[in-house]
Amino acid sequence: MARPDMAAVFVFVLLSLLSSQTAVRGQTEGLTTLPPTSAPEYTGCRDVQNRFQSMEDSCTEKSQQFARFQEDTYRVDVPASFSFDSPDVQATSVVVDRNQFAILQELESSTLEARVTYKGEGRPSTLSAIGQVSRVSSSVEILFPRPLPVLEGQILNVTLWLQGQPLANPTCSGCVGVNFTAYRTGCNFAEFSPFSNGRCLRVFSAWRTKLVENGGAGACQDAQLDRQFLERHRDCFVRPSIQYITSRVEGALGEPARLACVPDGNPVPSVRWRRKGKTLAGSTIVVESVTSNDTGIYTCVAEEREFFNQSVRANATLELQVPACAGYQKTDGRLLRECSGVNPVVRSGGGCGQFTVRQQNATVTVDQIQLTLLAEGELPWVRPGAQIGVVNLNVSILLLENGLPDDSPLRRRRGVESENRDNRAFLKRFKRQNPPLQEKAILHQQVYHDLLAIADYYELSVNITIEPVDVSPGSMLLIKVAEDRPNSPSVCGLYSEGVYPSFQLRAYSFQPCELQNSSCRQRYSEWIAARKAVPDDYHECVGADFVTAHYSRCFVPPEVSLGPSESLEVFVGETATITCNTTGFPSDYSYQWTVDGTVVSNQRGPVFSYNAVSDVHKVRCKVTSSGGETESEESTVTVLPEGTMTFVSSIRITGRSFTPEMADPGSAAFQNISTEIKDWYLTATDSVPGKISIRVKDTKPGSVIASQNVNVQDSALQDQALFNSISGALRAAAQSPSSLGIDPASLTLLSATTCYSETVTVRSSSGLVTVTFPNTAGDTHVYSTQRCASNTESADIPLAVRRCMGSFQTGVSWASPELLDCGLDLSKLAQMPVTPDNVAEVAAELQILTSIGSSLMVENITDSATVLDNLVNTTGDENVGYSVVVSVDQIMNSAEDVLYQSQVRTQAPSRIVQALERFSDRVNLTTNRFRRIERNIGVETYQVRAAELINSVGFASLEGGADLENGLVQSYSDASLIPIEQVDASIVLPEELGAIAAFLQQNIPDPTDVEVRLSFVIYQTSGLFPSNQTAPSSGTKTRVNSRVISSRVTGVELNNLPRPVVTRYLPVVQNSTNNITVNNSRCVFWDFSAGGGAGAWSTEGCDFVGIDNDRVVCECSHLTNFAVLMDIYGGLHSFALDLISKIGIALSITGLTLTLITYLVFKQLRQTRPQHILINLCIALLATLIIFLAGINATSSPVGCTVVAFFLHYFLLAVFMWMAIEAFNMYLAFVKVLGAHVSKFLLKAAIFAWGVPFIIAIITLVVDVPSTYPDGKETYRSTSFCWLQGQQLYFGFLLPAGLVLLFNTVVYAMVINKLACRGRTKGKVADPRNSVTKQQLRIAIAVMVLVGLTWIFGFFMISDGRIVFSYLFCIFNSLQGFLIFIFQCLRQKEVQNLWFKCCGCPVDEYRATKSTTGKSSNQTESTAESDSRGHRKSSAAETLPINIPMNKV
């Protein structure tokens, strides 16, 4: 071995020693220098140390301070001039200038000791350190064994000791100094904050990452050095989270709303909001004006990508505030603003949180504290750099002893000057000294959670809405606020930390009763009414009630009187109206009416409308308010008995002068003139048979114009004869002089109920025409008895129509007749331009031409829709509206099939409905309401102030006859009055509808003065809403099983309402004992745009709620035409057939599955052609049954339903094709015999049986076969279930299926005939297998029926025998797969033996014998198989086997 070079060894040892020395020094000073090497671990440590050095540069600042000699010690001031705020300062070493101490200069080497004494915030501490004196160095650095924490501006005392003796040089300058290291502190990552420590923290993070990768603290250098930084900075990194989110916010319509998301983590995560795929920046979202489009779910995303690369999410919901809540809050604000002194009632006292209450004659309530903090440094309660935080605060309000303390002046903190940083005015810092106070009582103390703290640079504000606190005038208050955590100081005690609080109080004062004005009392009445209107489940929007306590002493019980005050005489059919006049305070009146002691539950207003019943009745009104409860005196209502005939008469009295008192039915003047009028009428009609009574209804100016009812009981005359008798008597009396001075020309007499028969002559374009109109009831119409000639376009159509105008109250009379031009028909009328001049004439002609609705054809419906479109686009006249509604009513008498076909071709019924809706939007409301109730349709449209819709309004048709009746169809201003147990169909609109409509219509958030137009329509049948879903020709069992009811708000499309529209329906057809089954209720609306514009019923936005009082209850989120769809089964047979089908299909699926498993498991069963055919047939049939069972009713998904229909069509055709293949195979085996071989038979059969159905299915799907559906509408499948319809069904399925059945039937007959003939040919020789042959022949027949011929039963499901064939079809076809399993598996001995062997079961002798027989048979069958392929020997005709099981054919 070679001897090493000594020089090289010496150099290596020297370098090693130097490296070792450097390493030791580095550990002391901060860095470890590693020997040069390429080892990976040393390379990693070098990277760690490099980053450590960079971190030291960024996170520390070094300073050396020289001492001054004083009192035998060197004193050093801790520096206060570091470049960053709030540093963590440490003293690390003492430096001594050796050249200024003579004794040190003389020493070669020695040990020098430094003793440091430091007095910080606690007791004095002493630290000693030793350094080496060397002639080589001019200075001595004495390193502390551990860093000494010190505070800025403090003093260190240093003494030097050499060999146990003190060392000092009082005259030296800068001979002793101390090295200081200041560490950056704080976790503020904000880049632009003056308190930011972001650069240091980022360098620290990079170093720590490398440190962890290389083994952690102490792996590359002294662990103490690593911990210096780890302990200071590692807790600054906090994973992102969401500390608080306003999870549910209710926004008032048109008012602003705020969503807040407070993130947690450090660095502060960035925050953004997501909604409907859009991103909204910021921690808070302020919706300036809330609409229904703003409601929904908002997702807050807080993410931090620089260090954690992590995001978190939370959801918030913005909901539309219930209008009652919004109305209350506006009323509350108005009351407080106008009727209470705000804020000036309190003023700031002398110290922090001190307030004095102004001396006044009123009580004061405090309900809000606004806290503002100004900070020199970082703000509390928010993360550095964040704009929002959340805090829990403990709030106390203390009552102090009487006497105001002296105000202490504000003074600037010592040493703090106004600054300007980054061109922004920095806050001015102040401090206030609180004088000593004595607490008297605690008025309020409570912890308030999750308060939002909003930061703005150096200012932070928190609004604290507290439980209201009543204080007395002249009181002195002290507000204490502290964070709710242990040992947390009051905010007024944060001065030492550079945080300066200020308070503001919101307080209200209310004047005593005697000083309150009437407007404030009215405001309070409005306030209490609005508060009562808020639903119980929305009490959180109301808050604490501190208003009533101030007003309750002013309450006055209601005073009640009824008008008219005298006895009221009415007659049957007339409505008695009584008013409950009320005064008192407050005016939050609620009314209860009683008749003969029984409460009338549907009358809750100040005006009582009573439909009179014969007898004398006592009516009372009870009024309840916050001020008390009062009941009125009785009012007597006398009702004339049934059979009373009533006439309405009017006269002008020239012998009297009208006075204003006469307009008041309760005045003496009215009573006096009434008595005179009654006497005159009774005298004039004295000769008229019967008991006559007179009731004067009113008087008006114009001399005196009086209107009265003439009531006649028990008269021998009836109807028109009685009318003529009274009329003649009155006219005769009017011609005679009297003290009243009756003007004969002014006398009128009308029947209250009937327009009597009349024949009139009317001029037409062709001359004078005489027409006769029979008696008719008031407010109806009647057609003339004359009709158009049979040789005209309008043959057998009435010649004219005439209305009986008026009401029971005003009397009824004939209007002018409207003639029809008999040369017109609906097609010509549809082409006629409609102008304002001829609109009334066209409307009347449409009414006449549609009068015989049952005779209308498809083209007539289309023409009628066109005319209606023209009419409603021209005018809004109410008389035209009468003809429009009557025409629609008559059209609804058309045949169901006619309406359906017209919908299919031109959507005429939908156009009629839309025309009616447009007319409701524009009809002139001369009496503020348009109302028309016919037999098939009822329409009501009216204007209402949006503010009046504080309660749910409704519309209902009550149970009655088969047709709609005027008295049973009505609207309700308060939906709670609808008698739901009597409802035939009803709709209830949500409370907030008025406010929403007003806002959307005119963008006015306060709906007080905005009017909205509501329209309601009820259809007795669904004739104008025909669809494929419910058409009888579609074969579906689904029907519209209710009335159709609708509502709309003019000019506004309302969707996604926050509260639902509620509808109720009494089903037209109900479950009963007469074999009717009704189930599967679906709440639907008519979607005009569905089906490419053809219209259809849709469930979108509508939910079935349940059954209540035998009524179906639905809820929908929009307004339109609503109904209920139900499945109506045609009795017990339909239910039984459906049940049989489901059970049979389930058994078939099971059987087919077992059959396929059997044939796929055992190879022996896949040897012959018939077995392969059977396997394919089973696959196709199994797929068909599974798809049918799982997807036939999947109509909710249009695409999915089409896919189901396609695959069901394909696999069902495949079943038929494989049945045809099996029939053809039997033909080859039994009929053709010679030359029956077909090469590659199975391949060709598979291509045919699987390919042809696919081609047919594809063509059926993509080709629009001409049908009765126009305009390219979808005709492929039904909308009621997932199967073909129309021409697609006929040509795409029934035609190929019928051809296959025909082919199978012919082949089946040929095979049976051939087998029978062969049996007779060899009949002379006994065939030992004859019984087996017969058995197998029976099996062959059964299987053939199962795989094809049973479908023929479907063609016989007609006429009177349809029930029998329906049962046969359902039984055999649903059990088809199960019977295949029985015949082809369960009864086959070979299959049984294979399963026994597979399961390890012994096969007995009998079964083995059968198996042998089976094998012999199989060999014979194999020969037949060969023969069928054309390999037959010449003697085959004599040896052809007929013992052929179906699975071998």
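Residues numbered from 1 in each chain as written. Predicted model: local features only at pLDDT ≥ 70, side-chain atom pairs only at ≥ 80, totals over all residues. Heavy atoms only, no water.

Focus on the sheet that holds strand 64 (residues 1102–1108)
Consideration 1: Within the open sheet, the six strands sit side by side as 56-55-57-61-65-64. Their pairing is antiparallel. Here the strands that pair on one side only, and so sit at the sheet edges, are strand 56 (969–972) and strand 64. The sheet shows a mean angle of 15° between the axes of neighbouring strands, taken without regard to direction.
Consideration 2: In the sheet, strand 57 (residues 983–988) pairs with strand 61 (residues 1061–1065) via four bridges, with the strands oriented antiparallel. Residue pairing for strand 61: Val988 is matched across the bridge by Val1062. (Pairing = 2+ DSSP bridges. Helix = DSSP H or I, 4+ residues; strand = E, 2+ residues; numbered from the N terminus. Axes fitted to C-alpha atoms, helices over the stretch in contact; angles between N-to-C directions.)

Some points on the pairing of strand 30 (residues 476–483)
Consideration 1: For strand 30, the buried fraction is high: six of the eight residues fall into the buried class.
Consideration 2: The sheet contact formed by strand 21 (residues 354–357) and strand 30 spans three bridges and is antiparallel. Bridging across to strand 30, Thr356 finds its partner in Met476.
Consideration 3: Pairing of strand 23 (residues 388–400) with strand 30 involves seven bridges; the strand directions are antiparallel. Of the residues in strand 30, the one forming a bridge with Val395 is Val481. (Buried < 20%, exposed > 50% of the residue type's maximum accessible area, 1.4 Å probe, protein only.)

A few points about the state of the cysteines
As used in these notes, a disulfide is a covalent bond between sulfur atoms, one from each of two cysteines.
Consideration 1: Taken as a whole, this structure holds 13 disulfides when the rule is applied.
Consideration 2: The disulfide that involves Cys339 links it to Cys520, with 2.2 Å between the sulfurs. For the disulfide bridge between Cys339 and Cys520, the dihedral angle about the S-S bond is near -105°, and by the sign convention the bridge is left-handed. Here Cys520 lies in helix 7 (residues 518–533) and Cys339 lies in helix 6 (residues 323–339), a separation of 181 residues in the sequence. The same class applies to Cys339 and to Cys520, which are both buried.
Consideration 3: A disulfide bridge connects Cys352 with Cys492, and the sulfur atoms are separated by 1.9 Å. Torsion about the S-S bond of the Cys352 and Cys492 cystine: about -75°, corresponding to left-handed handedness. Remark: Cys492 occurs in the loop between strand 30 and strand 31 (499–510) and Cys352 occurs in the loop between strand 20 (346–348) and strand 21; sequence separation between them is 140 residues.
Consideration 4: Summary of cysteine pairing: Cys1178 is not part of a disulfide, and the nearest cysteine sulfur, belonging to Cys1385, is at 7.6 Å.
Consideration 5: By relative accessible area, which is 1% here, Cys1178 ends up buried. (Disulfide = S-S within 2.5 Å.)

Notes on the confidence of the model for the protein
When pLDDT is low, close inspection of the predicted coordinates is not appropriate.
Consideration 1: When pLDDT is averaged along the protein, the result is 80, and 81% of the positions lie at 70 or above.
Consideration 2: Mean pLDDT per element in the protein: helix 28 (residues 1436–1439) is the minimum at 30, and strand 44 (residues 748–751) is the maximum at 95.
Consideration 3: Per-residue pLDDT stays below 50 along residues 1–40; that stretch engages in 33 contacts with residues further than four places along the chain or on separate chains.
Consideration 4: Taken together, the stretch residues 1405–1449 has pLDDT below 50 and engages in 70 contacts with residues farther than four places along the chain or on a different chain. (pLDDT = per-residue confidence, 0-100. Contact = heavy atoms within 4.5 Å.)

Focus: the sheet that holds strand 32 (residues 556–563)
Consideration 1: The antiparallel open sheet is built from three strands, whose spatial order is 32-34-37. With one partner strand each, in any of the chains shown, strand 32 and strand 37 (607–611) form the two edges of the open sheet. Between one strand axis and the next, the sheet turns through 20° on average, direction left out of account.

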